[in-house]
Amino acid sequence: AKQGGRSTFRFFESAMDEQMQARRRLEIDLRRALALREFTLFYQPQFNLASRKVTGFEALLRWRSESRGMVPPAEFIPLAEEIGLISPIGEWVIRTACREAAGWADNLSVAVNVSAVQFRSRTLLSTIVSALAESGLAPNRLELEITESVLLEDLGAATSLLNSVREMGVRVSMDDFGTGYSSLSYLRSFPFDKIKIDQSFVRAGDQDPGAAAIVRAIAALGQSLGMTVTAEGVETDDQFANVLAVGCTDVQGYAISRPMPADQIAAFLTSSPRD
Ligand code: C2E
Ligand code: CA
Ligand code: CA
Ligand code: CA
């Protein structure tokens with residue numbers, strides 16, 4: 001038994017070793033990715049149910065790694081946050097999204113995801129100001145998507161930054177609504193323009209009456225607070241019909257379109273989805 005225990009230990013030790021080496025290699029590749037221009041933004045349409053029109057796009061970061069192929073954000077953003085790379089990467093995202101959106105029709109907005117770590121760095125506000133100035137994008141066409149983790153750490157600092165951004169005309173959305181611990185109390189701390197109902201509720205709503213009731217309740221809450229309520233992750237016609245029926249104002253998901261590269265947006269818009 002002693003012998004077995006020791007070899008099990010050795011097995012774990014080398015598995016951990018491998019994990020650490022894999023992480024180290026990922027870190028090295030990630031540190032080079034900005035300079036090598038391996039990042040790109042994909043855009044997913046946001047569809048308004050009343051007007052039946054696309055009102056804007058969410059920018060979603062993609063890493064086309066030379067050696068790894070397409071790496072999904074869930075696999076590198078947590079590491080980028082840990083090793084202090086999310087601020088330069090996030091700055092690139094904001095500048096690129098503003099520049100690309102400035103070439104779209106005037107009525108289309110662009111939404112950018114901002115992580116809690118970016119809020120800690122004091123350059124976020126000046127990045128937004130200069131990205132808007134350089135691109136010429138009207139501030140009301142830019143939207144920041146934040147999760148409650150932004151407000152969790154330092155509520156006062158985060159809300160004062162958000163207030164400055166909002167005074168410029170930039171809109172602010174609460175992302176992944178319903179998944180955190182205090183989504184409701186944060187609605188009182190800051191006047192969000194939009195709440196985005198997390199995909200997990202939207203998709204479970206098909207089979208699970210509880211999840212459907214939550215989607216309905218969030219839609220009613222958003223309506224009474226005068227907020228846009230976007231249902232995220234809408235994949236099927238049934239889900240689309242459900243979120244429409246319970247009073248969500250907007251839809252995002254594969255039912256409208258998957259995220260696409262910037263150069264496919266013009267063709268997508270002329271194909272007028274769901275008219
Ligand atoms: P998120 O902000 O909640 O973005 C929505 C995610 O759901 C995206 O995944 C999108 O491709 C996916 N999605 C949209 N519609 C559907 C659908 O109908 N079905 C399914 N199954 N999925 C759908 P993605 O692009 O892999 O991004 C994952 C997360 O990575 C994002 O979640 C966001 O938290 C983060 N992220 C992406 N880009 C950035 C960025 O530029 N900066 C930061 N800080 N985070 C980012
Ligand atoms: Ca988002
Ligand atoms: Ca989300
Ligand atoms: Ca998320």
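Described in the following lines is the structure provided in the data block. (Residues numbered from 1 in each chain as written. Chains lettered and ligands numbered in written order. Predicted model: local features only at pLDDT ≥ 70, side-chain atom pairs only at ≥ 80, totals over all residues. Heavy atoms only, no water.)

## Notes on the site of ligand 1
Residues in close proximity to ligand 1 total 21 residues, the closest being Gln44, Arg62, Gln199, Glu235 and Tyr254. At 3.1 Å from a nitrogen atom of ligand 1 is found a main-chain nitrogen or oxygen belonging to Leu61. Only strand S2 (53–65), helix H2 (73–82), strand S6 (171–177) and helix H9 (199–204) provide two or more residues apiece to the shell around ligand 1. For the shell around ligand 1, the leading source of residues is S2, giving 4 residues. Taken together, the residues of the shell around ligand 1 sort by class into 8 nonpolar, 6 polar and 7 charged. (Near = heavy atom within 4 Å. Polar contact = N/O pair within 3.5 Å; in protein donor to acceptor, adjacent residues only side chain to side chain. Helix = DSSP H or I, 4+ residues; strand = E, 2+ residues; numbered from the N terminus. Nonpolar A, V, L, I, M, F, W, Y, C, P; charged D, E, K, R; others polar.)

## With respect to helix H5 (residues 124–135)
In this model, H5 (12 residues) spans 16 Å end to end at C-alpha, consistent with the 16 Å of a helix rising 1.5 Å per residue. Among the residues of H5, those classed as buried are Leu124, Thr127, Ile128, Ala131, Leu132 and Ser135. Summarising the axial view, the buried residues of H5 lie within an arc of 125 degrees, below the 170-degree limit, and thus occupy one face. Along H5, the residues that are exposed and aim more than 90 degrees away from the buried face are Ala133 and Glu134. Contact partners of the buried residues in H5: helix H3 (86–101), helix H4 (116–120), strand S5 (142–146) and helix H7 (155–167). Once H5 finishes, Gly136 follows within two positions and takes phi at roughly 75 degrees, a positive value. (Expected span 1.5 Å × (residues − 1). Buried < 20%, exposed > 50% of the residue type's maximum accessible area, 1.4 Å probe, protein only. Arc of directions from axis to C-beta. Contact = heavy atoms within 4.5 Å.)

## Looking at the coordination of the calcium ion (ligand 2)
By definition of the ideal shapes, a tetrahedral metal site with four donors has angles of 109.5 degrees and an octahedral site with six donors has angles of 90 or 180 degrees. Looking at the calcium ion (ligand 2), one finds its protein donor set to be Glu58 (OE), Asn113 (OD1), Glu145 (OE) and Asp175 (OD), positioned 2.2 to 2.3 Å from the metal centre. Positions of the donor residues of the calcium ion (ligand 2), expressed as sequence spacing, correspond to E-x54-N-x31-E-x29-D. The distance between the calcium ion (ligand 2) and the calcium ion (ligand 3) is 4.2 Å, with Asp175 acting as a donor to both metals. Residue Glu58 is found in strand S2, and its partner Glu145 is found in strand S5; the two are separated by 87 residues along the sequence. Of the two residues examined, Glu58 and Glu145, each falls in the buried class. (Donors = N, O, S within 2.8 Å, 3.2 Å for Na, K, Ca; no water.)

## Observations concerning unusual backbone geometry
For residues that are not glycine, phi is negative in most cases, and the peptide bond is trans in most cases. In this structure, Arg52 is a non-glycine residue whose phi angle is positive, near 55 degrees. With respect to the helices and strands, Arg52 occurs in the loop between strand S1 (39–48) and S2. For Asp176, which is not glycine, the phi dihedral falls at a positive 55 degrees. Here Asp176 is to be found in strand S6.

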